[in-house]
Each structure stands twice: as C-alpha cells, then as structure tokens.
Amino acid sequence: MSKFWKPGSDRPKSCLVDDEEGGVLFVSAPSSSSSGFGYASLERQRQRLPVYKYRDAILYLVEHHATTIIVGETGSGKTTQIPQYLKEAGWAEGGRVIACTQPRRLAVQSVASRVAEEMGVKLGDEVGYTIRFDDQTNPGITLIKFLTDGVLLREMMDDPLLTKYSVIMVDEAHERSLSTDMLLGLLKKIQRRRSELRIIISSATIEAKSMSTFFNTRRKTLGQCPGDSAPNQLPAILSVEGRGYTVEINYVEEPVADYLQAVVNTVLLIHEKEPPGDILVFLTGQDDIDAAVKLIVEEAQHRGGRYTDLLVLPLYSGLPRGEQDLIFAPTSKGKRKVVISTNIAETSLTLEGVVYVVDSGFSKQRFYNPMSDIENLVVAPISKASARQRAGRAGRVRPGKCFRLYTEDYYVKEMQPEGIPEMQRSNLVSCVIQLKALGIDNILGFNWLASPPPEAMVRALEVLYSLGILDEDGKLTSPVGFQVSEIPLDPMISKMILSANDFGCSEEIITVAAILSVQSIWVSVRGVQKEFDEVKLRFAAAEGDHVTYLNVYKGFLQSGTSSKWCYKNFINYQSMKKVVDIRAQLSRLLKRLGLVLKSCEGDMQILRKAIIAGFFAHACRLEEYSQNGMYKTIRGSQEVYIHPSSVLFRVNPKWVIYHSLMSTDKHYMRNVIAIDPSWLTEAAPHFYHLRQPNPVPY
C-alpha cells in the first residue's frame, strides 16, 4: 500500500509552497508506488493521471483549510480520483460519507460506475449515486456518494447541516448551474456552524480568486496559527495540470453560413486526411445532432469504401442507456468513432480515444423572461471558457487537433470570456421554494455568488403566492406550502398533485406527473412520420395530451410492460420504465404525507380541474378568426401556438391550459389540455374574475 498522508499527522515532507495570499501550491511529484488494490492495470492508469502527483498536497490542504479550490484542466482525473484519495486517507471512517456533486445526471452515473470499477466494488455499496428518482446507495455501507447538486439541496430539507458528510466536493462549479450557485451559498452558511466540514470546489475553468473571496470567512484582525485545531478559513487554491499533449487549433478563414453542413464536411475531411483517432463534435441539441448523424451516415454510405468505417453516435442527456454504453465502449479495430454531442461532453464526461474535436461554436441555452413568463431556448454563441474546454477534449491520448467553425478574429475580439450563470437567466420558482423550506426567509438578502434579477425573484414570489404556497408574509403556508416543498417536482405540478387529492383523482394525476417528469415518452424516428402519426392517433384523447398520456400508460401496463410493444408503438421503453418507477415513488411520498390515492374512474372533467388547480395561470384563448391557430395568454396577451407534437395541434380548442411555453421560431405551448373557461374562476377566484363573456386576470 503506498504511503498516504493521513489527516492529523505531520505535514508531508514534499516541497509544498503555502502562499498566504491564496494558498496556491506547486508540488513535486511523490514516488509512484502501486497502491495494491483493484486490478493492476487500473491502478497503473490511476497513477498516470496528472492529479496523482498532487495527492499528498490535496490531502494536506483539505485537512488544514475549510475550503479548497482545485482548478484542474480537463482530463486531470480530479473527479474520479479525489474522492478515492479522501476515502483512503480516512475521511469516510466512523460512519462519515464523502459527497461529490455534479450538475448533470448522466455524469453522476458514469463517474460513479468508473470509481466503483477502480475500487473493485459493486456500484451501490461502498460507491453509490443518487439522482432524482434513482437512489443507488446503501446507508451505513456507502462511503463515496455521487449526486446532483439538486439532490444534495433536497437532502438539506431533512438534515440542514448535512451532518453525515465529512467532505463535500462540488465538481464542475464553472458550469454555474442554478443548483450549484444555491448550493455554494448554503454551504457557506453551513460552514459557520460546522467547522469540521470540508468543502472542495473543483472546476476546469473557474475564477479561483473570486470563489476564494466568496468563501473567505477568516476574521480580518488576527491570523491563524498553524497549530490551531480549527481549519484555516482562508480558502486554499491548487492548480492541477490536465492533458499532457498539445492540441493544434484550426479556424475557418471565412464565417460559416450553415454550421450543420460545415460539421458534416469537416468530419468527412478529417476521416479522409487524418490518421486514426476518434472524432468528437459539439452541436446544440437533439434535433441538430440527429440531423448531423443522418447526414454523415448517408454521405458515408454514398461514398462507400473506407467511409463505411465511420461509426456515428449521438450523445445527449435523454439518450437511452444502451446507446450511452456504445459511446463509452472502446472503438473496434479499423473503425473510427464519431460522437456528436451537446455540451454535456465539454467537462462532465471524458471520452477516451478522442483525438479530433469539431466545435460548431454554439450551444443551446435557456433564457427566461420574467416579464412575459416565457422561456426561450436559444442557440447562442459559446464563451471562450467553453471553447477552451472543447479543444481540451482532443489532447487526451496523444497530440490532437481542434477544428473551430468560426474565425480566429471572432474568437479573439468578439467571444465573451465566460458564460452567463443560470441564476441570471432562469425561472426561480423552484429555487425560492427550496430556500423558504430551508428557513431562509430573506431571499433577496441571501449570500449569492451572482445576484439573481429582482424581476425574476418578484415573479417567483408572485407565482407561489397565487398558488397558496406562500402567505402574505412570504412564509410557507400550512399544510399546502410545506407539502409542496416535500415533493421534488415543479411547484405547479406539486400543487396539481395535492389538489387531485381533493378532487379524488390522485391515481391518475401521479401518472401524469410522472410522465411530465421524463424527457419524452415518444421515440421520434426520421422518415416514418406518417406511421408515427397514425400510432399516436390510436392513443389520442380529445381532452388533450395529459389524457393521451394516461392511455399510453394503460396500454403499457396491459402489454405487461413489454419492450416489443413500445418499439411497435414508437414509445421509449426506458422512459416508460422510469415513469413506472417515479409513479411508485410519488405514491409512497403521498402516503407519507397522509394522502390517500383515489381514482376518478374515467371522469376526465375532474382530472382537468385538478390540472387547472396547479396551472390556472397558464390559460390561453384562441383568437377569433385566427387562420393559423394563434392563441393569446389570458395573462399578458402573449401570442402563442400549440406545439406540433401535441395531439391538439390543428384541433385548436377555444380554451386551453399548457404545461410549459418554449420559444424557438414561435412561442409554443407544450402538453396542452382543452378546458371550460368557467373552471378558471372556480379554481382561482383570487386570480381571475368573470367579465362577460370570459374570465380575465386581476
């Protein structure tokens, strides 16, 4: 077993340089003896990772500083190795747990699998993971736990000080997701009460100094003696090198008119001119990715010969597990893998074998407008930080090349240095209720890393008040507010579920809620639109999408939850399995809240009234004499349209309620049901009053 530095023992005798200004350390590599556990080849791989030579330094810093900021380039091994170093050094002894958070669910699962494999243990035992509606941990046995930032926030509801954790590592902090920013603010508060808690903030590109300033709670008057038992409140900063290989950056000479076609041409050119090595392409979203996969495959088949050696695979968060596994599998001899991905592969996942990166220069980002209550899904230019991340993916196994589909002039002069934090471009309803549930009443006075827009905060408070979740003093109502905060879903869905208990249709509503919680239950297959539409019509209900989903769920159960039945009906089998699981968990949760599940026995009017109880603010009326199916929202008079994926597309009932609004080329309503306008004043007399002939909002 190699010599580890143990917490509490003397400082290691390697050349550590402690910088008073920020604890920046540069260390010489310790000996690389084998640790003797797991498979020898895996252990050798671990020792070859750049982070390995910083192991003693990391352990020393974690022992002596309350917060350690680790800036580690892509591929340094920080995500998989640091939790193992902590465990080996004793931080998981005495029933304590080491937590490592990730912003993305897919990253949580893949990293946990890898660490379990390296440690030679079964996933779910010593190493486990928890994402929403999927808990693969074993209390009392799990020592290293990977989880999303959002799940750790929910754990605070039961344990505000997160007492079972000895170290919490917040990974990929540079992504600045809504949950990450909330978590960092809350961890800073917890630190004041739990001096023994250690926080590691790890990132590929992060403004280490600003993060250090945020977490610096050291008293300004007196310094801290090295012998003090309490950890130093001045955060330490450690910079870890990443890849060991250079990446040659190539730019286009002229701006690209069609980045999708440019991606296809570049991939084929790389295959034609460059030596073996996999290609990673960054595109914006599922539609673009599916289109690019189709175009490359068709062109490769048309050209024939060695072009048929291309194995083209998509990568995005809604991908079925089987297809995900293909991406991580080693490339067969003589083949070249082309992975076409969203920015999920930018930092969260590492794909071995990638030598070439094609960067479109764009990503899909959500921007919420609190004034119109519309979330725009915008294809926006990436930042320089993202561009560097993407390029870094090419230098993992040998010198690589990055092909940027934008000019060098644009990169230098016009590209923004950093992206906009999610906190400043999101709907904050769920964020506000979580903070309220944790007893933080002064939301605007909360210590944010980046202040949220006041308009978005006011809008969130207004929505929660209208739903009866907050009272006039901005406190959670009893019992509704507290019950809603217990349900890990959007507050509107949670309110819909609770109202279904009063209407007597909770059996059906939790099915609807479970289906609304997965990405999509349909499999969209290109080239068979007619067959797909015909199949969908068999399940379609005149009332709208929510009732259609009930028909699909019923058919799935009657088939004996058959994958064959799903395939035949263009239904995503993995999604339906997830729906069954989520529904079971919601059922258990409602029983815990003391609510009895009842069925409406096919009375779809009752079901729709329960939906309105949560979504009354999302009412729309069809414009008279509208030739193109244009609706206007009752609140705000926004022009909106039913999304083509809805069963009510082209049916155009006079009055509808939508689940969400998404803006692309138009403002589209997703998941729509037809309603009677009189139900609005019945459900929300505080929100609507009847002005003949139709309700209007106050």
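These numbers were taken from a predicted model, which means no experiment stands behind them. (Residues numbered from 1 in each chain as written. Predicted model: local features only at pLDDT ≥ 70, side-chain atom pairs only at ≥ 80, totals over all residues. Heavy atoms only, no water.)

Counting secondary structure elements, the protein chain contains 23 helices and 23 strands. For the protein chain, the accessible area works out to roughly 30800 Å², and carbon and sulfur atoms hold 50% of it. (Helix = DSSP H or I, 4+ residues; strand = E, 2+ residues; numbered from the N terminus. Areas by Shrake-Rupley, 256 points an atom, 1.4 Å probe, with all protein chains shown as cover.)

On to the side chain of Ser 562, then. Counting through the fold element by element, Ser 562 comes out in the loop between α19 (545–558) and α20 (563–568). A polar contact is formed between the side chain of Ser 562 and the backbone nitrogen of Lys 564, at a distance of 3.1 Å. Residues in contact with Ser 562, not counting those within four places in the same chain, are Phe 556 and Tyr 573. (Polar contact = N/O pair within 3.5 Å; in protein donor to acceptor, adjacent residues only side chain to side chain. Contact = heavy atoms within 4.5 Å.)

The residue Phe 687 is located in the loop between α23 (678–683) and β22 (688–691) in this model. Judged by relative accessible area, Phe 687 falls into the buried class, the value being 11%. Separated by 70 residues in sequence, Phe 687 and Ala 617 have C-alpha atoms that sit 7.9 Å apart. (Buried < 20%, exposed > 50% of the residue type's maximum accessible area, 1.4 Å probe, protein only.)

Direction vectors running N to C along helix α17 (residues 506–516) and helix α21 (residues 573–592) enclose 130°, while the axes themselves pass 9 Å from each other. In terms of orientation, α17 and α21 fall into the oblique class. Once α17 is placed against α21, the crossing between them reads as right-handed. Along its contact with α17, which presents Glu 507, Ile 510, Thr 511, Ala 513, Ala 514 and Ile 515, the element α21 presents Val 579, Ile 582, Arg 583, Leu 586, Ser 587 and Leu 590. Class assignment of the residues belonging to the contact of α17 with α21 gives a composition of eight nonpolar, two polar and two charged. (Axes fitted to C-alpha atoms, helices over the stretch in contact; angles between N-to-C directions. Parallel < 35°, antiparallel > 145°, perpendicular 65-115°, else oblique. Left-handed = near helix turned anticlockwise from the far one by under 90°. Nonpolar A, V, L, I, M, F, W, Y, C, P; charged D, E, K, R; others polar.)

We now examine the sheet that holds strand β8 (residues 236–240). On the basis of which strands lie adjacent, the open sheet formed by eight strands has the order β4-β3-β5-β2-β6-β7-β1-β8 and mixed pairing. Pairing within the sheet leaves two strands with one partner each, and these edge strands are β4 (134–136) and β8. Taken pair by pair, the neighbouring strands of this sheet meet at an average axis angle of 20°, ignoring direction. Here strand β3 (residues 127–131) pairs with β4 via three bridges, running antiparallel. From the neighbouring strand, Tyr 129 faces β4, where its bridge partner is Gln 136. (Pairing = 2+ DSSP bridges.)

Here helix α8 (residues 259–273) contains 15 residues, and its C-alpha end-to-end distance of 20 Å stays within 8% of the 21 Å for a straight helix at 1.5 Å per residue. Within the span of α8, buried status applies to Tyr 259, Leu 260, Ala 262, Val 263, Val 264, Thr 266, Val 267, Leu 268, Ile 270 and His 271. Its side-chain oxygen placed 3.1 Å from the backbone nitrogen of Leu 260, Asp 258 serves as the N-cap of α8. (Expected span 1.5 Å × (residues − 1).)

When the terminal C-alpha atoms of helix α14 (residues 454–466) are compared, their 18 Å separation across 13 residues agrees well with the 18 Å that a helix rising 1.5 Å per residue should span. The set of residues buried in α14 consists of Ala 456, Met 457, Arg 459, Ala 460, Val 463, Leu 464 and Ser 466. In this structure, the buried side of α14 is in contact with β14 (362–369), α13 (429–437) and α16 (491–503). Phi turns positive one or two residues past the end of α14, at Gly 468, with a value near 75°.

The next subject is the pairing of strand β21 (residues 667–674). Across the eight residues of β21, six count as buried, placing the element largely inside the fold. Both strand β19 (residues 639–642) and β21 contribute to a ladder of two bridges, which runs parallel. Paired with Tyr 641 across the two strands is Tyr 668, which belongs to β21. Inspection of the sheet shows strand β20 (residues 655–663) paired to β21 by seven bridges, in the antiparallel sense. For Val 656, the partnering residue across the bridge sits in β21 and is Ala 674. The loop that links β20 with its antiparallel partner β21 comprises three residues.

Taking strand neighbours across the sheet as the criterion, the six strands line up as β9-β16-β13-β10-β12-β11 in an open arrangement whose pairing is parallel. Two strands close off the open sheet at either side, each with one partner strand: β9 (247–251) and β11 (310–315). The average undirected angle you get between the axes of adjacent strands in this sheet is 20°. When β11 meets strand β12 (residues 336–341), the two strands line up parallel, connected through six bridges. The partner of Leu 310 across the bridge, within β12, is Arg 336.

This part is about the confidence of the model for the protein chain. Across the protein chain, pLDDT averages 85, with 88% of residues at or above 70. Across residues 220–228, confidence stays below pLDDT 50; counting only partners more than four residues off in sequence or on other chains, it has four contacts. (pLDDT = per-residue confidence, 0-100.)

All right, on to the pattern of salt bridges then. Summed over all chains, the structure comprises 20 salt bridges. As a salt-bridge pair, Arg 194 and Glu 196 come within 2.9 Å of each other at their nearest N and O atoms. Arg 592 is paired through a salt bridge with Glu 486; the nearest N and O atoms lie 3.3 Å apart. Of this pair, Arg 592 sits in helix α21 while Glu 486 sits in helix α15 (residues 480–486); the two residues are 106 residues apart in sequence, bridging distant segments of the chain. Residue Glu 486 is classed as partly exposed on the basis of its relative accessible area, which comes to 30%. (Salt bridge = Lys/Arg side-chain N within 4 Å of Asp/Glu carboxyl O.)

In this section: the packing of helix α6 (residues 178–193) against helix α7 (residues 208–215). Interaxial distance between α6 and α7 falls to 10 Å at its minimum, and their mutual angle equals 40°. With respect to α7, the element α6 is oriented oblique. Only Met 211, Phe 214 and Phe 215 of α7 make contact with α6, whose side of the interface consists of Leu 184, Gly 185, Lys 188 and Gln 191. Per-class residue counts for the contact of α6 with α7 are four nonpolar, two polar and one charged.

Its place among the elements puts Arg 398 in the loop between α11 (384–392) and β16 (400–404). For Arg 398, a relative accessible area of 33% translates into the label partly exposed. When the C-alpha positions of Arg 398 and Val 247 are compared, they lie 8.9 Å apart, and in sequence the two are 151 residues distant. If we ignore the near neighbours within four places in the chain, the residues touching Arg 398 are Tyr 245, Pro 275, Pro 276, Gly 277 and Val 355.

What you tend to see is this: most non-glycine residues have negative phi, and most peptide bonds are trans. Cis geometry marks the peptide bond from Ser 478 to Pro 479, where omega comes out at 5°. Turning to its location among the elements, Pro 479 is positioned in the loop between α14 and α15. The phi torsion at Arg 650 lies on the positive side, around 75°, for a residue other than glycine. Relative to the elements of secondary structure, Arg 650 occurs in the loop between β19 and β20. A positive phi angle, close to 50°, is found at Asn 652, a residue other than glycine. Assignment of secondary structure puts Asn 652 in the loop between β19 and β20.

What follows covers the packing of aromatic side chains. On inspection of all chains with the given rule, the structure shows 14 aromatic pairs. With centroids separated by 5.2 Å and ring planes inclined at 85°, the aromatic side chains of Phe 214 and Phe 215 adopt a geometry described as edge-to-face. Across the pair, exposure class does not vary: Phe 214 and Phe 215 are buried alike. Ring geometry for Phe 556 versus Trp 565: centroids 6.3 Å apart, planes at 45°, classification tilted. Judged by relative accessible area, which is 0%, Phe 556 ranks as buried. Owing to a relative accessible area of 15%, Trp 565 belongs among the buried residues under this scheme. Aromatic rings pair up to connect Trp 522, Phe 532, Phe 539, Phe 556, Trp 565, Phe 570 and Tyr 573 into one cluster. The residue whose ring lies beneath Arg 404 is Tyr 411, and the NZ or CZ to ring-centre distance is 4.6 Å. (Phe/Tyr/Trp six-rings, centres within 6.5 Å; stacked < 30°, edge-to-face > 60°. Lys NZ or Arg CZ within 6 Å of the ring centre and 35° of its normal.)

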